[in-house]
Amino acid sequence: MTTLTHRARRTEIGKNTEKKVESEEDTSQDKSPETEDTGDSKDIRLTLMEEVLLLGLKDKEGYTSFWNDCISSGLRGGILIELAMRGRIYLEPLTMRKKRLLDRKVLLRSDSPTGDVLLDETLKHIKATEPTETVQTWIELLTGETWNPFKLQYQLRNVRERIAKNLVEKGILTTEKQNFLLFDMTTHPVTNTTEKQRLLKKLQDSVLERWVNDPQRMDKRTLALLVLAHSSDVLENVFSSLTDDKYDMAMNRAKDLVELDPEVEGTKHSATEMIWAVLAAFNKS
């Protein structure tokens, strides 16, 4: 579904600062749900969805590639991971009958508001849905890729625009109107390039200077962002400013990471199951 392809040398340098939010998972007997970041810090930081969109945006043009048909579903996967890392949702406990990540349902742990409109809207959908659904089904429902007309109500609309407006409010983007011959389009060029560059450098360092060759030892939000960047087909943007040697090394290490077996990694001690379930969903697509 995504590409880890040859280098397209279009540098979209950028980076964003984010408080490190350590993901802690309840690892008692039946591999209980993630209980991370339940406090919802009021400090300014970016959600995973905002970071993915920022990575995909062309800095000056202010829009994502017209050829990228993966970022919409990638953003929905980011919503699920963000909710799990904030302790709002989790995968149903592992059983003998339901061992695979994609067979286990998404369950509600807490419906307390997060302060983010998209996250809270998704929480309401999950809370109201019976029977419960799997990660893959939720990504399809939130994207609107369902053949069931009775479930179109779960589609999150105008997601990119709503995330972009959040980034405008946080001083990362601005809003402009551009004319494309037959129509006008609202665009969001990057104004705070320092923040985007910090984000890029964090990801670059994670697979170069701070590479640990073990996803269980990686910062959970960084791991999640690498998985989502791959699933959203914007991973190449992360490494395009590197020299050829470092680019090849970074892409190879990222490829090794996202080609790990999610079923194996998701059962390891301290693993954040939702990250691996989202990766498994995109691998199957």
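Keep in mind the model is a prediction, meaning the values are calculated, not measured. (Residues numbered from 1 in each chain as written. Predicted model: local features only at pLDDT ≥ 70, side-chain atom pairs only at ≥ 80, totals over all residues. Heavy atoms only, no water.)

*Asks:* Just checking my understanding: could you explain the pattern of salt bridges for this structure?
*Replies:* Any two side chains of opposite charge can pair if their charged atoms end up close together. For the structure shown, the criterion picks out 15 salt bridges. In this structure, Glu82 engages Arg45 in a salt bridge whose closest nitrogen and oxygen atoms are separated by 3.9 Å. Residue Glu82 is found in helix 2 (residues 71–85), and its partner Arg45 is found in the segment before helix 1 (48–56); the two are separated by 37 residues along the sequence. By relative accessible area, Glu82 is classed as buried at 0%. Judged by relative accessible area, which is 6%, Arg45 ranks as buried. Notably, a salt bridge pairs Arg198 with Glu195, separated by 3.2 Å at the nearest N-O pair. Taken as a pair, Arg198 and Glu195 lie in helix 6 (residues 193–207) at a separation of 3 residues, close to a single helical turn. Since its relative accessible area comes to 42%, Arg198 is described here as partly exposed. A relative accessible area of 13% means that Glu195 is categorised as buried. The structure contains a network of salt bridges with shared partners spanning Arg45, Glu82, Arg86 and Arg221. (Salt bridge = Lys/Arg side-chain N within 4 Å of Asp/Glu carboxyl O. Helix = DSSP H or I, 4+ residues; strand = E, 2+ residues; numbered from the N terminus. Buried < 20%, exposed > 50% of the residue type's maximum accessible area, 1.4 Å probe, protein only.)

*Asks:* Please clarify how the environment of Asp103 should be interpreted in this entry.
*Replies:* Take Asp103: it is sitting in the loop between strand 1 (89–91) and strand 2 (106–108). Expressed as a C-alpha distance, the spacing of Asp103 and Glu133, which sit 30 residues apart in the sequence, is 9.1 Å.

*Asks:* What is the right way to look at helix 1 in this model?
*Replies:* Side chains three or four residues apart in an α-helix point the same way, a direct result of the helix having 3.6 residues per turn. Across the 9 residues that make up helix 1, a large majority, 9, are buried. Buried within helix 1 are the following residues: Leu48, Met49, Glu50, Glu51, Val52, Leu53, Leu54, Leu55 and Gly56. Buried residues along helix 1 sit in contact with helix 2, helix 3 (117–128), helix 5 (159–169), helix 6, helix 7 (220–231) and helix 8 (235–239). (Contact = heavy atoms within 4.5 Å.)

*Asks:* Can you help me understand helix 7 in this one?
*Replies:* Here helix 7 contains 12 residues, and its C-alpha end-to-end distance of 16 Å stays within 8% of the 16 Å for a straight helix at 1.5 Å per residue. Where burial is concerned, most of helix 7 is hidden: 12 out of the 12 residues are buried. Inspection of helix 7 places Lys220, Arg221, Thr222, Leu223, Ala224, Leu225, Leu226, Val227, Leu228, Ala229, His230 and Ser231 among the buried residues, and these make up the whole buried set. One or two steps after helix 7, the chain reaches Asp233, where phi turns positive at roughly 60°. (Expected span 1.5 Å × (residues − 1).)

*Asks:* It is not clear to me how the confidence of the model for the protein chain should be interpreted in this structure. Could you clarify?
*Replies:* When pLDDT drops low, the exact placement of atoms in the prediction is not to be read closely. For the protein chain, mean pLDDT is 85; residues scoring 70 or higher make up 84% of the total. Taken together, the stretch residues 1–43 has pLDDT below 50 and engages in 152 contacts with residues farther than four places along the chain or on a different chain. (pLDDT = per-residue confidence, 0-100.)

*Asks:* Quick question: what am I supposed to make of unusual backbone geometry here?
*Replies:* What is expected of a backbone is that most residues other than glycine have negative phi and most peptide bonds are trans. Cis geometry is adopted by the peptide bond preceding Pro131, which originates at Glu130 and carries an omega value of 0°. Topologically, Pro131 is positioned in the loop between helix 3 and helix 4 (135–143). One non-glycine residue, Asn158, lies in the positive phi region at around 55°. With phi around 60°, Asp233 is a residue other than glycine that occupies positive phi space. Looking at where Asp233 falls in the secondary structure, it is placed in the loop between helix 7 and helix 8. For Asp233, a relative accessible area of 25% translates into the label partly exposed.

*Asks:* Even after reading the chapter, I still don't get the side chain of Arg104, so can you show me in this structure?
*Replies:* Summarising the element assignment, Arg104 is placed in the loop between strand 1 and strand 2. When its relative accessible area of 1% is taken as the criterion, Arg104 is described as buried. In terms of polar contacts, Arg104 uses its side chain to reach the backbone carbonyl oxygen of Glu92, at 2.9 Å. Not counting the four nearest positions on each side in its chain, Arg104 is found in contact with Leu91, Glu92, Pro93, Leu94, Lys98, Lys99, Thr134, Val135 and Glu273. (Polar contact = N/O pair within 3.5 Å; in protein donor to acceptor, adjacent residues only side chain to side chain.)

*Asks:* I keep staring at the nonpolar core and nothing clicks. Help me out?
*Replies:* One broad rule of soluble globular proteins: the nonpolar side chains tend to lie buried together. By size, the foremost hydrophobic cluster in this structure holds 74 residues, and its most contacted members are Leu55, Leu80, Ile81, Ile89, Val135 and Phe239. Residue contributions to this core peak at 9 residues, all from helix 11 (residues 273–284). Apart from residues no more than four positions distant in its own chain, Leu80 is found in contact with Ile89, Ile126, Val135, Trp138, Ile139, Leu142 and Met274. (Core = buried A, V, L, I, M, F, W, Y, C linked by side-chain atoms within 4.5 Å.)

*Asks:* I'm lost on the packing of helix 2 against helix 7 in this one. Help?
*Replies:* When two helices pack together, their arrangement is given by the angle between the helix axes and by the axis-to-axis distance. Interaxial distance between helix 2 and helix 7 falls to 10 Å at its minimum, and their mutual angle equals 165°. On the basis of the axis angle, helix 2 is roughly antiparallel to helix 7. Like other packed secondary-structure pairs, helix 2 and helix 7 cross with a definite hand, here right-handed. Note on element contacts: helix 7 touches helix 2 through Lys220, Arg221, Ala224 and Leu228, opposite Gly74, Gly77, Gly78, Ile81, Glu82 and Met85. Residue composition of the contact of helix 2 with helix 7, grouped by class: 4 nonpolar, 3 polar and 3 charged. (Axes fitted to C-alpha atoms, helices over the stretch in contact; angles between N-to-C directions. Parallel < 35°, antiparallel > 145°, perpendicular 65-115°, else oblique. Left-handed = near helix turned anticlockwise from the far one by under 90°. Nonpolar A, V, L, I, M, F, W, Y, C, P; charged D, E, K, R; others polar.)

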